[in-house]
Amino acid sequence: MPTTRANTKEPETANNRGRSAVRTLLRLWPYVRPVRVRLFSAAFVAVLASCMGLVIPLVLKWMVDGPIADHDSRGVWLGALWLLLLGLGEALLFGLRRWLVARPLAGVEAAMRADLYQRLQRLPVAFHDRWPSGQLLSRATSDLMLLRMFLAFPLTFLLVNAVTILVGVIIMLVQDWSLGLVILGPAIPVLIVCIVFERRYHLVARRAQDQVGDLTTVVEESVLGIRIIKGFGRHRSQARAFRELARTLRGTELHKARLLSSIWAVIVTLPELAIGAALVLGTLQVADGDLSAGTLVAFLSTALALRWPVDSIGFLLAMSQDAATATERYFEVMDEEPEGAGEAAEAGSKVVPGTGAPAPASGGAGAAGAHGGADAHGAAGMPDAASASAATDGHATPNGHYGAPEGARGTARPAPTGPAADNPRTGEAMPPHPGAADVGRGLHFHNVTFRYPDAPVDSPPVLDRVDLHIRPGESMALVGTTGSGKTTLTALVPRLHEVTSGRITLDGHDISALPREELRALVAVAFEEPTLFSASVGDNVLMGAGDEAGEAELRHALSVAQADFVHSLPHGIDTQVGEQGLSLSGGQRQRLALARAVVGKPRFLVLDDPLSALDVHTEAAVEAALRRVLADTTALIVAHRPSTVLLADRVALLSGGRVAAVGTHHELLRTNAEYAWLMAGADEETDRSHGHGHDDSSSSSTDSFEEAAR
């Protein structure tokens, strides 16, 4: 089973090499700013504690040159008391520092994680198609943990240690400038080593964190696909893939450890040699009478007090580089352009067509009103018939029916000759043929071309100049071979993808001009692969409705989808379905997904083969209930079986990304060989899967196949 690799930019690029870690970390300031008072207070307290520690050598100098030299026991006890108080004060101040940063930094991490989640929800589907989920999970977990640790410890102590070293060096130079210069001798070599270490460690740290994302992806795929792995006996190959990635990550982490050990060896060894040299020179000066014993003790105590600030430079730099890398990875996602980036600014100045009222900035009340308060011919945010665009009338296209009246299309339903005509779905009387006022209404694809964003420029488009008009209250079935672009076409309606050229209108209003929240309140979608969440049955279904929907709407939707099985579950509609809904059968999941699509009574309904996992009897019951729903909505239905096709008023045949024919089911059976071949194959497949004869509608279609063959 193949493993998923990180599809991110390589850290070794010239742009990343020239990027300053400090500049990268400064991007955290908007999150840190609300808690800056406590962070600055914590830094001040830590500096005060460290400086308090540097007073201890001065007390020792006073004790050695004073009470100890004078054999004053009271002075020795007084000095000991001062040392005890200084030690307690230092410990208490460091404890206060930790208390000051703990709660606010947990809030910073939570805020960053919430922002990342919200951004992931707003990013287009094309982004999620490119990025492995493990890479996103690692950014939301391990990377944010590294940032919290950096803000809590390295950020403070880089400042604290720098101040401590500066103050300590000044104290040593004041006591004896010659010994102070000896201690400063290793400063330049240590500085050079730190610069080299920072550049090398950054690349390895980035590689390691990307590999953690790869490993997370493999674990997630293995858990979600455990049934496939067990069913095909692929646990050993998956284990090998995991071990390979884990071994690679282990090698990278060992490389990090080697780099850290090399800088630590230099940082520890050179200062120790300097302290040893200062001890020898200082002892000689004491012996010569040029330096007091107390001054030498204070000097060496100060030098030893600076060992920790100097020794910690290595891992503080390492943690800072880890944090800088985590910040880069975090903002790689946050810098991605979300859906409708310019819509919020435009929404305040927009006027909803047909109402004269300002458009809502989000999918709040306006979206809810459009969702639940629209009738079959109008909705909030949609223009009325008088304002519907008629600019497409009479313009021919390569498909032969761009904006043309339906009666003029060679493959469309003929205009009725009397006051009414028969409905091809039910045989009942249909309303008169729509007039010119309906030309711009309904769902209209205007010369739509689509190519996936990551596809080569010279590659053929998935959809090529598609022109299709679904009239208000009409249902259209979309039929075609596998790979003809049916699912892609349905994904364009709720703007899961943006059209490459052309436009799509709802009641004459371009969907690109609608805020996505409002658009998706008007359009409900049921995908071929149903996705359920780790929530109750009721919560999963009501996800397709506004906040005002209640138990009555829920029960009606379950009834339409023939999902009454939920009442036999352990806790009824409150039963938790589990991750991905895998505790339910495929047909049960598909029925709940269908219920979710119809619960909000949407103006426009897009169904991608919604009955593919149902048996023939359940399918017939769902179709009977679904016909009543389709009578009040404008629907586009991807269909593969004749029984599903017969739900629709008309059928569009998609071939090679283009609309090859449009008409009723029976018309296309008589006039289009490709359609007849598709339906014949579908009927044979239905015979094999069900093992018994069709209902009347299927028998009728079989008769038509024979007629077409003759």
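Conventions and cut-offs
- Residues numbered from 1 in each chain as written.
- Predicted model: local features only at pLDDT ≥ 70, side-chain atom pairs only at ≥ 80, totals over all residues.
- Heavy atoms only, no water.
- Salt bridge = Lys/Arg side-chain N within 4 Å of Asp/Glu carboxyl O.
- Helix = DSSP H or I, 4+ residues; strand = E, 2+ residues; numbered from the N terminus.
- Buried < 20%, exposed > 50% of the residue type's maximum accessible area, 1.4 Å probe, protein only.
- Core = buried A, V, L, I, M, F, W, Y, C linked by side-chain atoms within 4.5 Å.
- Phe/Tyr/Trp six-rings, centres within 6.5 Å; stacked < 30°, edge-to-face > 60°.
- Lys NZ or Arg CZ within 6 Å of the ring centre and 35° of its normal.
- pLDDT = per-residue confidence, 0-100.
- Contact = heavy atoms within 4.5 Å.
- Pairing = 2+ DSSP bridges.
- Axes fitted to C-alpha atoms, helices over the stretch in contact; angles between N-to-C directions.

S.K.: Mind laying out the pattern of salt bridges, listing which residues take part and the relevant values?
M.R.: Evaluation of the coordinates by the stated rule reveals 21 salt bridges. One salt bridge connects E328 with R206, and the closest N-O pair in it is separated by 3.6 Å. Of this pair, E328 sits in helix 15 (residues 313–334) while R206 sits in helix 10 (residues 187–224), and the two are 122 residues apart along the sequence. For E328, a relative accessible area of 7% translates into the label buried. Here R206 falls in the buried class, since its relative accessible area comes to 0%. Salt bridges linked by common partners bring R139, D143, R206, D210, E328, R329 and E332 together as one network.

S.K.: Could you give me a rundown of the nonpolar core, with the residues and numbers involved?
M.R.: Of all hydrophobic cores here, the largest spans 37 residues; its most connected members are L558, L592 and L626. Among the elements of the structure, strand 8 (523–526), helix 20 (537–542), helix 21 (551–560), helix 22 (586–598), strand 9 (604–608), helix 23 (616–630) and strand 10 (634–638) are those that each provide at least two residues to this core. In this structure, L39, M112, L116 and A323 belong to the second largest nonpolar core, which totals 34 residues.

S.K.: Could you give me a rundown of the packing of aromatic side chains, with the residues and numbers involved?
M.R.: In this structure the tally under the stated criterion is ten aromatic pairs. Through pairs of rings, three or more aromatic residues link up here, namely F94, F153, F157, W264, W308 and F315. A cation over a ring is seen here: R38 above W99, with NZ or CZ 4.8 Å from the ring centre.

S.K.: With reference to specific residues and values, describe the confidence of the model for the chain.
M.R.: Averaged over every residue, the pLDDT of the chain is 76; residues scoring 70 or more account for 79%. Averaged pLDDT values over the elements of the chain bottom out at 34 in helix 17 (residues 365–372) and peak at 92 in helix 3 (residues 29–32). In this model, residues 344–436 is a region of pLDDT below 50 whose contacts with residues beyond four sequence positions or in other chains number 172 contacts. The low-confidence segment residues 689–710, where pLDDT is below 50, has 31 contacts with residues more than four positions distant or belonging to other chains.

S.K.: Residue-level account of the sheet that holds strand 6 (residues 501–506), with values.
M.R.: A sheet is described by the order of its strands in space; here four strands give the open sequence 4-3-6-7, paired in antiparallel fashion. The two strands at the open ends of the sheet, each matched to only one other strand, are strand 4 (463–470) and strand 7 (509–510). Pairing of strand 3 (residues 443–450) with strand 4, which is carried by five bridges, proceeds in the antiparallel orientation. Pairing of H444 across the sheet is with H469, part of strand 4.

S.K.: Now, about the sheet that holds strand 11 (residues 650–655): what can you tell me, with residues and values included?
M.R.: The pairing of strands in a sheet happens through backbone hydrogen bonds and is either parallel or antiparallel. Read across the open sheet, the six strands follow the order 8-9-10-5-11-12; overall the sheet is mixed. Each end of this open sheet is capped by a strand with a single partner; those strands are strand 8 and strand 12 (658–663). Across the sheet, the mean angle from the axis of one strand to that of its neighbour is 20 degrees, orientation sign disregarded. In the sheet, strand 8 pairs with strand 9 via four bridges, with the strands oriented parallel. Among the inter-strand pairings, V523 is bridged to a residue of strand 9, identified as F604.

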